[in-house]
Amino acid sequence: MIKPDGVQRGLVGEVIKRFEQRGYKLVGLKMLNVERSLAEKHYADLSEKPFFGALVDYICSGPVVAMVWEGRNIVLTGRKMIGATNPQASEPGTIRGDYAIEVGRNVIHGSDSVENAQKEIALWFGENLAE
Ligand code: ATP
Ligand code: MG
């Protein structure tokens, strides 16, 4: 998911280009304004963290672009392409390493396991996936 800062900064094309050029296939795409209830469900595992409220505010602060990508090792490789959570630690060449400096505005979300990817696809897309 391209987060609101990524959309506002015009990074949608850049993010899509990186995944396409790597060889991944885009199988789902939509732009939406996120309801608080969806953001809270999406980040439910972090609900006890002190930054949870600010995180939900951020995700709901403007439109996001939700995507489903398909291809070999997409979860693991996708996380590598995205880079470390805190852009202070993100390597140059990663999306966060090239486009972010703040952990609270780090451009993009990526699912952290196949199991969570399946849950998140169901949460964000339901049955509406082209395959
Ligand atoms: P994401 O789930 O968005 O892909 P991630 O898996 O790299 O990020 P998580 O631990 O799942 O990292 O945290 C989710 C998001 O919460 C981060 O991307 C970041 O925007 C925010 N976040 C994480 N840690 C902090 C923190 N210490 N302070 C503020 N925001 C944070
Ligand atoms: Mg995460």
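A few points on the structure. (Residues numbered from 1 in each chain as written. Chains lettered and ligands numbered in written order. Predicted model: local features only at pLDDT ≥ 70, side-chain atom pairs only at ≥ 80, totals over all residues. Heavy atoms only, no water.)

So, the overall build of the chain
Of the regular secondary structure elements, the chain holds 7 helices and 2 strands. Listing every helix and strand of the chain by position from the N terminus yields α-α-β-α-α-β-α-α-α. Taking 131 residues into account, the globule formula puts the C-alpha radius of gyration at 14 Å, and the chain, at 14 Å, falls close to it. Along the first, second and third principal axes, the C-alpha atoms of the chain reach 35 × 35 × 25 Å. For the chain, the residues scored as buried account for 44% of the 131 residues in total. For the chain, the share of sequence-separated contacts (at least 6 apart) that also reach a separation of at least 24 residues comes to 73%. Total accessible area on the chain stands at roughly 7600 Å², and carbon and sulfur atoms take up 50% of it. Side chains of the chain give 16 positive and 17 negative charges; the mean places of these two sets differ by 4 Å. (Helix = DSSP H or I, 4+ residues; strand = E, 2+ residues; numbered from the N terminus. Rg over C-alpha atoms; globule rule 2.2 N^0.38 Å. Buried < 20%, exposed > 50% of the residue type's maximum accessible area, 1.4 Å probe, protein only. Contact = heavy atoms within 4.5 Å. Areas by Shrake-Rupley, 256 points an atom, 1.4 Å probe, with all protein chains shown as cover. Lys, Arg positive; Asp, Glu negative; His and termini not counted. Charge placed at Lys NZ, Arg CZ, Asp CG, Glu CD.)

Considering the pattern of salt bridges
Where charged atoms of side chains with opposite charge meet at close range, the side chains can pair. Tallied over the entire structure, the rule returns 6 salt bridges. Glu 14 serves as the salt-bridge partner of Arg 18, at 2.9 Å between the closest nitrogen and oxygen. With a gap of 4 residues between them, Arg 18 and Glu 14 both fall in helix 2 (residues 12-22), about one helical turn apart. Here Glu 14 falls in the partly exposed class, since its relative accessible area comes to 21%. The closest approach of N and O atoms between Arg 18 and Asp 98, which form a salt bridge, is 2.8 Å. Within this pair, whereas Arg 18 is found in helix 2, its partner Asp 98 is found in helix 6 (residues 95-99), the two being separated by 80 residues in sequence. By relative accessible area, which is 19% here, Arg 18 ends up buried. (Salt bridge = Lys/Arg side-chain N within 4 Å of Asp/Glu carboxyl O.)

As for the pairing of strand 2 (residues 64-70)
Taking burial as the measure, the 7 residues of strand 2 include 6 buried ones, the bulk of the element. Bridging between strand 1 (residues 25-32) and strand 2 involves 7 bridges; their strand directions are antiparallel. Considered in strand 2, the bridge of Leu 26 is made with Trp 69. (Pairing = 2+ DSSP bridges.)

Let's talk about the site of ligand 1
Around ligand 1, the neighbouring residues are Lys 3, Tyr 43, Leu 46, Phe 51, Leu 55, Arg 79, Thr 85, Arg 96, Val 103, Asn 106, His 109 and Gly 110. Taking Tyr 43, its side chain carries an N or O atom lying 2.6 Å from an oxygen atom of ligand 1. In this structure, an oxygen atom belonging to ligand 1 sits 2.7 Å away from a side-chain N or O atom of Arg 79. Burial of ligand 1 by the protein amounts to 75% of the accessible area it has alone, namely 570 Å². For the shell around ligand 1, a count of residues per class yields 5 nonpolar, 4 polar and 3 charged. (Near = heavy atom within 4 Å. Polar contact = N/O pair within 3.5 Å; in protein donor to acceptor, adjacent residues only side chain to side chain. Nonpolar A, V, L, I, M, F, W, Y, C, P; charged D, E, K, R; others polar.)

Structural measurements only, silent on function.
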